[in-house]
There are 2 protein chains.
Amino acid sequence: MELSSATSGPEAIKQSFYTLKPSEKDEDLLLAAAYVSDAQYNRNVPFETSPRAIRLYYFYNHWTMQVAIYFFICVDLSLALFEEPALFPLPFLATSIAEVLCLTAFFGRLVHFAKVTPQMVFWKDTKNICIMVTIVLTLIDLIIYGSLEAVNIHSIRWSRALRPVFLINFPESRQIRRTFRSIRNTLPDILYVFLLFMFSVLIFSLMALKLFGVRSLKTVEGLPYFTDILEIAFELYVLVTTANSPDVMMPAYNFSRWYSLYFITYIIINTYIFMSVFLAVVYNNYRKHLKNEILKLAYLKRRKMIEAFNILKVKVGTEFVVTEAQWKRLAKIVMPHISSPHLELLLRISDEGQKGHVDKMNFLRLADLLNIQVVAINIKRHPLEDWMPRVYQSSASLLVQRMVRHRIFVWVYDVIILVNAIFIALDEKKPFISNAEWLFLSLYIIEILLKLYTYEPRAYFGRKQFWNWFDTLIIIAALVATVANATIQSGNYNSQQILDIVLILRILRLLRIIVSIQRFRLIVTTLINIGPTILTFGGLVLVVYYVFAIIGMEAFQGKVWFFDPNFTTPEAQVCGNPALTGSAFARDHYCKNNFNDLASSFIVLMELTVVNQWHVLAGGFALVTHQAAKLYFISFHIVVVILIVNIFIAFILEAFFVAYSLEKSEVETAIEKKIQELGVGVQEEEMQDGKLIDNMDAKDSGFSGDDGDNKRKALKGLYFRIASKKYRTVDALLQQMFESEITPEDEGPSLDEILNLSPSDIYPKNPSFGNSA
Amino acid sequence: MELSSATSGPEAIKQSFYTLKPSEKDEDLLLAAAYVSDAQYNRNVPFETSPRAIRLYYFYNHWTMQVAIYFFICVDLSLALFEEPALFPLPFLATSIAEVLCLTAFFGRLVHFAKVTPQMVFWKDTKNICIMVTIVLTLIDLIIYGSLEAVNIHSIRWSRALRPVFLINFPESRQIRRTFRSIRNTLPDILYVFLLFMFSVLIFSLMALKLFGVRSLKTVEGLPYFTDILEIAFELYVLVTTANSPDVMMPAYNFSRWYSLYFITYIIINTYIFMSVFLAVVYNNYRKHLKNEILKLAYLKRRKMIEAFNILKVKVGTEFVVTEAQWKRLAKIVMPHISSPHLELLLRISDEGQKGHVDKMNFLRLADLLNIQVVAINIKRHPLEDWMPRVYQSSASLLVQRMVRHRIFVWVYDVIILVNAIFIALDEKKPFISNAEWLFLSLYIIEILLKLYTYEPRAYFGRKQFWNWFDTLIIIAALVATVANATIQSGNYNSQQILDIVLILRILRLLRIIVSIQRFRLIVTTLINIGPTILTFGGLVLVVYYVFAIIGMEAFQGKVWFFDPNFTTPEAQVCGNPALTGSAFARDHYCKNNFNDLASSFIVLMELTVVNQWHVLAGGFALVTHQAAKLYFISFHIVVVILIVNIFIAFILEAFFVAYSLEKSEVETAIEKKIQELGVGVQEEEMQDGKLIDNMDAKDSGFSGDDGDNKRKALKGLYFRIASKKYRTVDALLQQMFESEITPEDEGPSLDEILNLSPSDIYPKNPSFGNSA
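Residues numbered from 1 in each chain as written. Chains lettered and ligands numbered in written order. Predicted model: local features only at pLDDT ≥ 70, side-chain atom pairs only at ≥ 80, totals over all residues. Heavy atoms only, no water.

Chain A appears in an unreviewed UniProt entry as Two pore segment channel 3 from Canis lupus familiaris. The UniProt entry for chain A carries this comment under Subcellular location (unreviewed entry): "Membrane". (UniProt positions renumbered as here; feature names shortened; annotations may be inferred.)

K.L.:
Is there a simple way to explain the sheet that holds strand 3 (residues 357-359) of chain B in this structure?
P.N.:
The strands that make up a sheet are held in pairs by hydrogen bonds between backbone atoms, and each pair lies either parallel or antiparallel. Residues and elements named next belong to chain B. Here we have three strands laid out as an open sheet, ordered 1-2-3, and antiparallel in their pairing. The open sheet has two free edges, formed respectively by strand 1 (314-316) and strand 3, since each of these has just one partner strand. Each neighbouring strand pair of the sheet contributes to a mean axis angle of 55 degrees, computed without reference to strand direction. Sitting on the sheet, helix 12 (residues 259-312) touches strand 1, strand 2 (319-323) and strand 3, and the angle it makes with strand 2 is about 85 degrees. (Pairing = 2+ DSSP bridges. Helix = DSSP H or I, 4+ residues; strand = E, 2+ residues; numbered from the N terminus. Axes fitted to C-alpha atoms, helices over the stretch in contact; angles between N-to-C directions. Contact = heavy atoms within 4.5 Å.)

K.L.:
Even after reading the chapter, I still don't get a nonpolar patch on the surface, so can you show me in this structure?
P.N.:
Where nonpolar side chains cluster on the molecular surface, the patch consists of A:I408, A:V410, A:W411 and A:V412 and spans about 370 Å² of accessible area. Inspection of the secondary structure puts A:W411 in helix 20 (residues 407-425). (Patch = residues over 30% accessible without salt bridge, like charges linked within 9 Å, V, L, I, M, F, W, Y side chains within 5 Å. Areas by Shrake-Rupley, 256 points an atom, 1.4 Å probe, with all protein chains shown as cover. Salt bridge = Lys/Arg side-chain N within 4 Å of Asp/Glu carboxyl O.)

K.L.:
Any chance you could explain the pattern of salt bridges here in plain terms?
P.N.:
One side chain can pair with another of opposite charge once the charged atoms of both are near each other. Applying the stated criterion across every chain, the model contains 26 salt bridges over all chains. Its salt-bridge partner being A:R157, residue A:E83 comes within 3.6 Å of it at the nearest N-O pair. Residue A:E83 is found in the loop between helix 4 (63-78) and helix 5 (92-115), and its partner A:R157 is found in the loop between helix 7 (126-150) and helix 8 (164-169); the two are separated by 74 residues along the sequence. Residue A:E83 shares its accessibility class with A:R157, and that shared class is buried. Residue B:K127 pairs with B:D125 through a salt bridge whose shortest N-O separation is 3.1 Å. (Buried < 20%, exposed > 50% of the residue type's maximum accessible area, 1.4 Å probe, protein only.)

K.L.:
What is the right way to look at the packing of aromatic side chains in this model?
P.N.:
Aromatic rings in a pair are described by how distant their centres are and how their planes are angled relative to each other. Inspection of the entire model under this criterion finds 94 aromatic pairs over all chains. Ring centres of A:Y237 and A:W614 lie 6.2 Å apart, and the angle between their planes is 85 degrees; on these two criteria the pair is classed as edge-to-face. Here A:Y237 is found in helix 10 (residues 229-240), whereas its partner A:W614 is found in helix 31 (residues 614-624), with 377 residues between them in sequence. Grouping residues by exposure puts A:Y237 and A:W614 together as buried. Pairing B:F234 with B:W614 gives two aromatic rings, centres 6.0 Å apart and planes at 70 degrees, and the pair type is edge-to-face. (Phe/Tyr/Trp six-rings, centres within 6.5 Å; stacked < 30°, edge-to-face > 60°.)

K.L.:
Sorry, what's going on with the environment of A:A478 here?
P.N.:
All names here are of chain A. In this fold, A478 is placed in helix 23 (residues 466-490). Residue A478 is classed as buried on the basis of its relative accessible area, which comes to 2%. Spatially, the C-alpha atoms of A478 and R509 are 7.8 Å apart, while their sequence positions differ by 31 residues. For A478, the residues in contact, after removing those within four places along its chain, are L441, L505 and R509.

K.L.:
Looking at this structure, how should I read the relation of the copies chain B and chain A?
P.N.:
The two chain copies are related to each other by a rotation about an axis together with a translation along it. Its rotation angle being 180 degrees, the transformation that places chain B on chain A also includes 0.0 Å of axial translation and leaves an RMSD of 0.1 Å. Such a turn and shift between the copies fits a two-fold axis. Looking at the rotation axis and the C-alpha trace of chain B, the residue lying nearest is B:N612, at 3.7 Å. Interface overlap between copies is the fraction of interface residues in one copy that are interface residues in the other; for chain B against chain A it reaches 100%, indicating a shared surface. (Least-squares fit on C-alpha atoms with pLDDT ≥ 70 in both.)

K.L.:
What's the story with the sheet that holds strand 1 (residues 314-316) of chain A in this structure? I'm lost.
P.N.:
Residues and elements named next belong to chain A. Read across the sheet, three strands follow the order 1-2-3 without closing on themselves; strand pairing throughout is antiparallel. Each having just a single partner strand, strand 1 and strand 3 (357-359) make up the two edges of the open sheet. In this sheet, neighbouring strand axes are inclined to one another by 55 degrees on average, regardless of whether the strands run parallel or antiparallel. Relative to strand 3, strand 2 (residues 319-323) runs antiparallel, the two being bridged by three bridges. Bridge pairing in strand 3 links V322 to V358. Here helix 12 (residues 259-312) sits on the sheet and contacts strand 1, strand 2 and strand 3; the angle it forms with strand 2, its principal contact strand, is near 85 degrees. On top of the sheet, helix 13 (residues 324-334) reaches strand 2 and strand 3; it is set at about 55 degrees to strand 2, its chief contact.

K.L.:
What should I look at first to understand the interface of chain B and chain A in this one?
P.N.:
Accessible area lost upon the coming together of the parts is a frequently used measure of interface size. In this assembly, 99 residues from chain B lie in contact with 100 residues from chain A. Both faces combined, the contact of chain B with chain A buries some 9,600 Å², and carbon together with sulfur accounts for 71% of it. Taking the shortest distance from any N to any O, the salt bridge between B:D597 and A:R257 comes out at 3.4 Å. On inspection of chain B and its partner chain A, the count reaches 20 residue pairs in polar contact (both at pLDDT 80 or more). Per element, the largest residue contribution to the side of chain B that touches chain A is 14 residues, and it comes from helix 12 of chain B. Across the side of chain B that touches chain A, the residue classes tally to 63 nonpolar, 21 polar and 15 charged. (Buried area = accessible area lost by both parts, 1.4 Å probe. Polar contact = N/O pair within 3.5 Å; in protein donor to acceptor, adjacent residues only side chain to side chain. Nonpolar A, V, L, I, M, F, W, Y, C, P; charged D, E, K, R; others polar.)

This is the structure in structure tokens:
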């Protein structure tokens, strides 16, 4: 990653490309482009060298390549569905061929990456080593398992648990890796709290043994109560998760009222205080490391932008600047498909005084500027107005349009939705009600048609009109499903799946009420904004679940069987395993919670994540495996509930706070201001409230009265809107937060210092349990 | 609260005392004292006026008065233990007389408060109105209930639910009031999220009705599954609390694997996302309002200190200052019992250049300075050294002392504790083991004696030596209990209670291991630091529990009865209520979870707070009250789990972060620096590691070699240590955080502006769902 600014010419170009980290595309690309642009300008390198390098770079990062690699990762992970114990069994030969294919693809990608990276850098990166080791291990496992299978010896496919390595270690999964890194960094701190917590559980276990063990009490099931220290420790651990409260207390409480004090003390100390401390430690570390990494990125970015500036700068008057021509060439190299009005807009923002050059401060913002999606919209009249202006502008038509734009129109439809909700809740067997369904559907379709009549269709379905899309899609889906269902039913064929889908779609229509209530829409918008963050988290959960599911399947497959509920043989009552006779597991009919295939395993793990009754599940599998299973379940609880769920909560809290405190970033505000100044902006709210066209007219007349301004004329007919705002991630927000704190003159610490930044450098006053000792 | 700085003389003194808020004692007292001091100095008011006013103020705030009022509050609250349904029944006459006594006391306190407060201020304060209304209502209720009881009609003692009003509204409970205010402020924001959440639950209920209602599935108990919309909504609400997971899913999951998707979606959206959003909203609001209030206090304090400065200032050279004589008089009025070395130390810190006067910036810190507990310790030699110096300094004695101070000594005792733990876990019936108990006890006592021999006893049991106290108390308690137990057992009288206490004390001894492990000690110290905050929270929980317990007792008393576990009549099986036949409540032996007295009610509410199985409890009481009870249980869940537990978590998170980021405040550091400069400080760590005496010697010799410094000599033989550090609250930390941000020149906004500060003024960029609409 070392970028030497001393070298120049073709070597520098090559080097700067070789050291590209695909994930940090923009600044690196800009820096490389700066070399290229400079070379083109000075003509001391052949013109051809550079564009090829850029093509190489683009090819590696092309979306088809990324999609392909994700496709192979998906195939590789989903192989577990087809391998023994399988949901859809396939012969070993088929799955192993598929796996080898995936491995080849991963290897190919790795080789490609190695080609665009200097050897040194490639081999120093643990990610690449990880992938290669995993490929080798998987091949070894395949060969051993295959040859043993050939002589009919059944062994364990242990390498399957390694498959998520591919998901984590390909450069595209930076977010998941960062979360893992955050977990790893949190471990030392959490370890001591955990040890203290376990010490407290043991002390309480000892007390329970002494207090209750000699009383010869019985549990509800008639078993001896609190007589074995290990059993007690497990029960008390379960109590921390609250899963066996208050059952674990009842025998002692029934014996004497005072014993409840023991349990209350235990719950306050271990459930409430220790669990909150876990959250506090995880959250604190998460925040610390997140900010550390973001600051590191911000400094790196700044360094690269300064380097690019230094390459291109020329002296004008007293200060160094980049000329307009150089700036345009650079932008075009980086974004070959940028439209010229867009480029003009960016230049106008960067070159505020229209002096024909861009100063250092504005140049440093270029990467951010290029990142902001500015959508150029060509405002047109309503198509109907073009086709039949007289009819569209007739008084009846205008009345309809005014009506649709009125508040009462919205309220009427809100009432219709509520009535619809009541009809859905009623019994649909009556013909009156099933016919009403068609009425509601047609009302909704009329609503959409009226709206399309009133508003310009392309504006109505603009890229950012999330709620319009949502509205329309729900109605269309309901229409399609209802029609399909009616067709099938008239043919006397009753498909359960389709009926279920129709039902769900019919009810989802009620979600339209959210669109009408402003505050609800705000909450949902905030939730959608933090959606990408939650999705990253989904990747993390997938990885952990997958590993545990594979281990669980190898360990517990076939121990517990599910029988049809109507099947009441004694065997079905104990899930096909006599060891479960009389257990809570069998009594609660949990037989389907087993590890007999990947889907079932995932559902069991989900139930364990929700925590409730996990001791019943653990107890059931403990019975069929002679208690060994408890270790599996406890370790799952520690990893998922204590670590991952807490990180998830930290995630959401932080995302909410950042979303609260940073509404618009500095750069975007600058662009918006410029757009407004140039009179070519479109307000989001205006679009939604349907005042778009009126507004456009006003703007148009404004333009026509101001013909003197030549530059302004060039932009006429084009309107810009910032599109990225809603789908921004917490990362980007935080990064901009830090960047605004770095002054333009500040070149940051040296590269080595940046790369070795530790959280304690940012928070010198922020001791944790780990380092204040 | 308006303090006019225009008036002066006796009127001003009186007024400033009348407007005192006892809780904001220090700055107000200082301001009043400034008037007094000024008056004394100028001799234009009789000397007598002012000290009497100060005595009046001290009398109202005297600790005996505060203890008395808390005593009456406790009596009033605990009356519920003796009233029907009673734990210890007392006749109505006795409890009502006690209640009237308490009310009289409250009224008396209120009258006292009215006497030291101007009428206007008194009547504008809602707290006082609340107390008066509650007193009147309670009296009315007492009279009605008493007269109805006299004619044998049993009515409801509804006023009992109002008793916590006294706990909240007396000026001493500022923290609890603030938390309630914080909850009230959070309500609008949380309401909309809650409505959206309920909307989501309803949509899912409707789906469940349509998807599962027609399948005629059965639950484990054989009841129809998901057929009634209200029943479904309740079950799904319970699923949000995870209490019925995965049972509620099992019938549908057993029917078809795909239905698990419905439940997974539900859990992700409602349990994980919505519950985290609740936490985020509560936390965000908590933080916002906390900081707002703290900032308000900081500004108010600053204003008052500036006013006091303006009263006392004289012009010296170009700047206004307070003379040393005035400053000393002021400090002595505020703290009559301050020792002269302490006063000297404070003056030395305030008057850095020793110019004979205190400048404005240093004067403004006076309130903080006076608040910091500086403990003067008179360092003495070990008493044994005085009594028999030759023996104590002999080589054998020195060897013992070196041995005790060595690390290995600690390790040996750690091993002894571990061995002890193993012995405790073993069966104590064997004589070998019960004799070993005496061995361990004597080993521990020898340890303490050795330590007292080595370290100076008064230093070892210093005010801040928490861990030494902890160690010694545990050993002494264990010794006393074991001896008592042996005495009783030898007399063939076996008391269960004493045996239990002995057992617990014997096991608590193992906690000494924490003292040896540095990291554990750090974690525990942090927890102890946030202890006061957690206690405030305990008050809040007490209030809410009390109100719900009284309502619960009135509504559910006598519905469910507990029978001895050995009693197996059919009536005992259904908790004495036939409506419970076959219910999960009876099956799980929950009969003792009832509302038949205050203690039982509190335990039930605690179980409901822990959440698990709350639907079984709710279901049981719903059966005996025709479903009405569910409302009670749901509202308890919303209030306690969604609001209060989240505030608790916010509490702990914030306390942890503040404790992490603010190790020492600015003012304390200044004092410490001065103490160090003057060479009269004692390091905390030195005290603990037992190097105290060596260190003292070094200091002493240092002093003797530096006789020339006169001032320094005055402090000789006295050592100071800051004592407040460990038991500081989050409040104080935050306040100092904000104060350090206010520059000395900044007089803050005007008084009206301060009092009307709203969170949005502090965070202009911090929109919430509530105000960004």
